[in-house]
Amino acid sequence: MMFVQPVVLRDRGLRLEPLAPEHEDGLRAAAADGELWTLRITSVPEPAQTRQYIDDALRMRAEGHRFAFTVVDEASGRVLGSTSYHDILPAVKRVEIGYTWYARSVQRTHVNTTCKLLMMGHAFDTLGCHVVGWRTDNFNFASQQAIERLGAKKDGVIRGHALRRDGTIRDTVMYSMRAGEWPEARAQLLYLRARHD
């Protein structure tokens with residue numbers, strides 16, 4: 001049995017549902033909102049590669065390494081982006097959250113905070129994870145700030161760790177949160193989100 005089982009997570013008008021082939025057009029439209037595939041530090045698929053992006057995610061789900069969600073606005077049904085559990089390690093009860101991207105029009109709104117609250121809550125409270133991790137490109141400063149706002153701690157930098165879409169080699173900044181840190185982090189995130197409203 002897979003550690004991460006299919007589930008739909010909901011809060012604040014957002015729905016995280018398992019990524020599926022029928023999300024292809026919605027994901028393509030979300031990526032086009034800001035031409036996100038032109039950013040060298042993200043995993044957003046180019047329009048012609050959207051189906052391959054979905055197929056790769058579904059293959060990784062079948063292998064137990066990644067569980068991708070589509071982020072949907074419940075009121076309109078509009079696809080806003082995608083986010084995943086990945087590097088899933090059932091033996092040590094650890095998942096990472098990543099492959100996250102949103103249409104430019106919903107960036108810097110409650111969307112990311114709400115999605116992370118849902119995913120962190122599911123990881124810690126339902127799956128019983130001991131650790132949730134994040135990783136990002138050393139030049140993705142916006143992502144690093146967003147991860148730090150979640151309350152994650154910087155573990156370090158893995159140098160020469162992965163290829164970017166343009167073929168250059170990136171350093172990867174690693175973060176994590178332990179289960180004992182989650183209650184305080186959740187309280188702070190709920191406070192910040194309420195203030196944003």
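This text goes with the structure placed above it.
A short tour of the structure in this document, coming up. (Residues numbered from 1 in each chain as written. Predicted model: local features only at pLDDT ≥ 70, side-chain atom pairs only at ≥ 80, totals over all residues. Heavy atoms only, no water.)

## With respect to the overall build of the chain
Here comes step 1: Counting its secondary structure elements, the chain contains 5 helices and 8 strands.
Here comes step 2: Start at the N end of the chain and walk to the C end: the helices and strands fall as β-β-α-α-β-β-β-α-β-α-β-β-α.
Here comes step 3: Taken against the 2.2 N^0.38 rule, which gives 16 Å for 197 residues, the C-alpha radius of gyration of the chain at 16 Å falls within 12% of a compact globule.
Here comes step 4: Reported as C-alpha extents along the three principal axes, the dimensions of the chain are approximately 45 × 45 × 40 Å.
Here comes step 5: In the chain, buried positions account for 46% of the 197 residues.
Here comes step 6: Considering only contacts within the chain whose residues lie at least 6 apart along the sequence, 62% involve residues at least 24 apart.
Here comes step 7: Surface summary for the chain: the accessible area is close to 9,800 Å², and the carbon and sulfur share equals 52%.
Here comes step 8: Taking the 27 positively charged and 24 negatively charged side chains of the chain as two groups, their mean positions are separated by 4 Å. (Helix = DSSP H or I, 4+ residues; strand = E, 2+ residues; numbered from the N terminus. Rg over C-alpha atoms; globule rule 2.2 N^0.38 Å. Buried < 20%, exposed > 50% of the residue type's maximum accessible area, 1.4 Å probe, protein only. Contact = heavy atoms within 4.5 Å. Areas by Shrake-Rupley, 256 points an atom, 1.4 Å probe, with all protein chains shown as cover. Lys, Arg positive; Asp, Glu negative; His and termini not counted. Charge placed at Lys NZ, Arg CZ, Asp CG, Glu CD.)

## A few points about unusual backbone geometry
Here comes step 1: Located in the positive-phi region is Arg12, a residue other than glycine, with phi close to 50 degrees.
Here comes step 2: With respect to the helices and strands, the residue Arg12 is situated in the loop between β1 (9-11) and β2 (14-18).
Here comes step 3: By relative accessible area, which is 34% here, Arg12 ends up partly exposed.
Here comes step 4: Even without a glycine there, the phi angle at Asp87 is positive, about 45 degrees.
Here comes step 5: Inspection of the secondary structure assignment puts Asp87 in strand β4 (residues 79-89).

## Thoughts on the pattern of salt bridges
Here comes step 1: Inspection of every chain in the model, using the stated rule, returns 16 salt bridges.
Here comes step 2: With a shortest N-O distance of 2.5 Å, Glu17 and Arg15 are connected by a salt bridge.
Here comes step 3: On the accessibility criterion, Arg15 (18% relative accessible area) is buried.
Here comes step 4: The salt bridge involving Asp125 is made with Arg186; its shortest N-O contact spans 3.0 Å. Remark: Arg186 occurs in helix α5 (residues 182-196) and Asp125 occurs in helix α3 (residues 110-126); sequence separation between them is 61 residues.
Here comes step 5: Relative accessible area serves as the criterion here: at 30%, Arg186 is assigned to the partly exposed category. (Salt bridge = Lys/Arg side-chain N within 4 Å of Asp/Glu carboxyl O.)

As far as function goes, none of this settles anything; it's purely spatial.
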